[in-house]
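This is what each chain is made of:
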Amino acid sequence: MDETHTVLAVGAGAVIKLKHPRTNKIERIYNYKYPYEYIKDFDNILKRKGNINIFLNS
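No experiment lies behind these values; they were computed from the predicted model shown. (Residues numbered from 1 in each chain as written. Predicted model: local features only at pLDDT ≥ 70, side-chain atom pairs only at ≥ 80, totals over all residues. Heavy atoms only, no water.)

### Remarks on the pairing of strand 2 (residues 26-30)
Strand direction decides the pairing type here: strand 1 (residues 15-19) and strand 2, joined by five bridges, are antiparallel. In the strand pairing of strand 2, isoleucine 16 is matched with isoleucine 29. Connecting the antiparallel pair strand 1 and strand 2 is a turn made up of six residues, with asparagine 24 showing a positive phi of about 65°. (Pairing = 2+ DSSP bridges. Helix = DSSP H or I, 4+ residues; strand = E, 2+ residues; numbered from the N terminus.)

### Here we look at the packing of aromatic side chains
According to the stated counting rule, one finds two aromatic pairs in the structure shown. Between tyrosine 34 and tyrosine 36, the aromatic rings sit 5.9 Å apart at their centres with planes inclined by 15°, giving stacked as the arrangement. With relative accessibility at 41%, the residue tyrosine 34 sits in the partly exposed group. Relative to phenylalanine 42, the ring of tyrosine 38 has its centre 5.6 Å away and its plane inclined at 70°; by these criteria the two rings are edge-to-face. Above the face of the tyrosine 32 ring, arginine 48 is positioned so that its terminal group lies 5.3 Å from the ring centre. (Phe/Tyr/Trp six-rings, centres within 6.5 Å; stacked < 30°, edge-to-face > 60°. Buried < 20%, exposed > 50% of the residue type's maximum accessible area, 1.4 Å probe, protein only. Lys NZ or Arg CZ within 6 Å of the ring centre and 35° of its normal.)

### Comments concerning the environment of asparagine 31
Here asparagine 31 shows up in the loop between strand 2 and helix 1 (35-40). Residues asparagine 31 and glycine 11 lie 20 residues apart in sequence; the distance between their C-alpha atoms is 7.1 Å. Not counting the four nearest positions on each side in its chain, asparagine 31 is found in contact with Ala9, Val10, Gly11, Gly13, Ala14, Tyr38, Ile45, Arg48 and Lys49. A polar contact is formed between the side chain of asparagine 31 and the backbone oxygen of glycine 11, at a distance of 2.9 Å. (Contact = heavy atoms within 4.5 Å. Polar contact = N/O pair within 3.5 Å; in protein donor to acceptor, adjacent residues only side chain to side chain.)

### Examining helix 2 (residues 42-56)
Look at helix 2: 22 Å from first C-alpha to last across 15 residues, which is about the 21 Å you get at 1.5 Å a residue. Three or more residues of helix 2 are buried, namely Ile45, Lys49, Ile52 and Phe55. Down the axis of helix 2, the sector holding all buried residues measures 90°, keeping them to one side. In helix 2, the exposed positions angled more than 90 degrees off the buried face are occupied by Asp43, Lys47, Asn53 and Ile54. Close packing links the buried residues of helix 2 with strand 1, strand 2 and helix 1. (Expected span 1.5 Å × (residues − 1). Arc of directions from axis to C-beta.)

In structure tokens:
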């Protein structure tokens, strides 16, 4: 993935890459690779993705 912009991804095995617009800090959020893990821990994934707005607005 290029380090020039934010990349949003969904689904098992996906990786979200966030690039802060002012500081250029990079953060990644990884989804579980296997569908059974992804479904079983979906609430945990939602909590982690809930921090996207906090990261981009800090």
